[in-house]
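This is what each chain is made of:
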Amino acid sequence: MSETDGGVLRAHSSETPSCKVKMVDRLANSEANSKRIAVVESCFGAAGQPLAIPGRVLIGEGVLTKLCRKKPKARQFFLFNDILVYGNIVIQKKKYNKQHIIPLESVTIDTVPDDGDLRNGWLIKTPTKSFAVYAATATEKSEWMNHIGKCVGDLLLKSGKAPTGEHAAVWVPDSEASVCMRCQKVKFTTVSRRHHCRKCGFVVCGPCSEKKYLLPSQSSKPVRVCEYCYVQLTSGSFPPDSIGRLGSKFSSNNLSDDEDEDDSSD
Ligand SMILES: [Zn+2]
Ligand SMILES: [Zn+2]
């Protein structure tokens, strides 16, 4: 990292001139920080949440490729010291929508090995939703992972809480499965639709995912699970920690059906 004007640190700008990730220093409550947060707020417009709260610092921002249900898509990410915010890019650096806010306290990250065109990736896992993101370069990836890891560590240290033990399954993208990943028989077509098991994340057919099960960290209502996971869950074969905890404060904002996946329709 090297320092540039105004205390703004640009991640390894000499090595990666096209680097889009900007990591800034941590001057909480500084005027520059307040201004940056105000700019992020205004880019999301009225549909976004207010982001300026005392003690919140904008650590960095950049474009990451998010592996969505249908295909990888560019999303604008903002890392604050307590939350990760992302949205769809309407106009680069000017307008974003479909804001998502992830409390960092519940986040765990895991590196993803490079696979074809999908390189420099890692998983962002939370109790309610987990997904893979990819940076443009290995340097950007390590910047992001280091900063997210540091923020999560600082938060847990401050609160005295243990790291989140359980997380929602990372969904296998639709394109990865032409046949049901459980029965290996049913071919997916426009009539025979793909479904996702909320427990294992597999792409499965309707008959293999007729059951629903209450996963409290994901939803207050029972959610679709595959036959295999249903048997495991009902027989208590999964360790209790992986079944989900009651009283999650995020349980109300979850998706109740396959069609609702936040960015499957755009
Ligand atoms: Zn099946
Ligand atoms: Zn399953």
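Residues numbered from 1 in each chain as written. Chains lettered and ligands numbered in written order. Predicted model: local features only at pLDDT ≥ 70, side-chain atom pairs only at ≥ 80, totals over all residues.

The name an unreviewed UniProt entry assigns to the protein chain is Pleckstrin homology domain-containing family F member 2, from the organism Monopterus albus. Quoted straight from UniProt, the Function (unreviewed entry) entry for the protein chain says "May play a role in early endosome fusion upstream of RAB5, hence regulating receptor trafficking and fluid-phase transport. Enhances cellular sensitivity to TNF-induced apoptosis." (UniProt positions renumbered as here; feature names shortened; annotations may be inferred.)

1. Some thoughts on helix H1 (residues 31–44)
In an α-helix, one turn spans 3.6 residues, which is why side chains three or four residues apart end up on the same side. Spanning 14 residues, H1 covers 20 Å between terminal C-alpha atoms, matching the ideal 20 Å at 1.5 Å per step. Residues of H1 that are buried: Asn 33, Val 40, Cys 43 and Phe 44. Relative to the axis of H1, the buried residues are bounded by an arc of 100° and lie together on one face. Across H1 from its buried face, at more than 90 degrees, point the exposed residues Glu 31, Lys 35, Ala 38 and Ser 42. Elements that come into contact with the buried residues of H1 comprise strand E4 (58–67), strand E5 (72–80), strand E6 (83–91) and strand E7 (95–103). Once H1 ends, the next one or two residues include Gly 45, with phi positive near 70°. (Helix = DSSP H or I, 4+ residues; strand = E, 2+ residues; numbered from the N terminus. Expected span 1.5 Å × (residues − 1). Buried ≥ 20, exposed ≤ 12 C-beta atoms within 10 Å, placed from the backbone. Arc of directions from axis to C-beta. Contact = placed C-beta atoms within 7 Å.)

2. Thoughts on the pairing of E4
Where burial is concerned, most of E4 is hidden: 8 out of the 10 residues are buried. Here E4 runs beside E5; their pairing, made up of 9 bridges, is antiparallel. Paired with Lys 66 across the strands is Lys 73, a residue of E5. Taking the residues between adjacent antiparallel strands as the criterion, E4 and E5 are bridged by 4 residues. (Pairing = 2+ DSSP bridges.)

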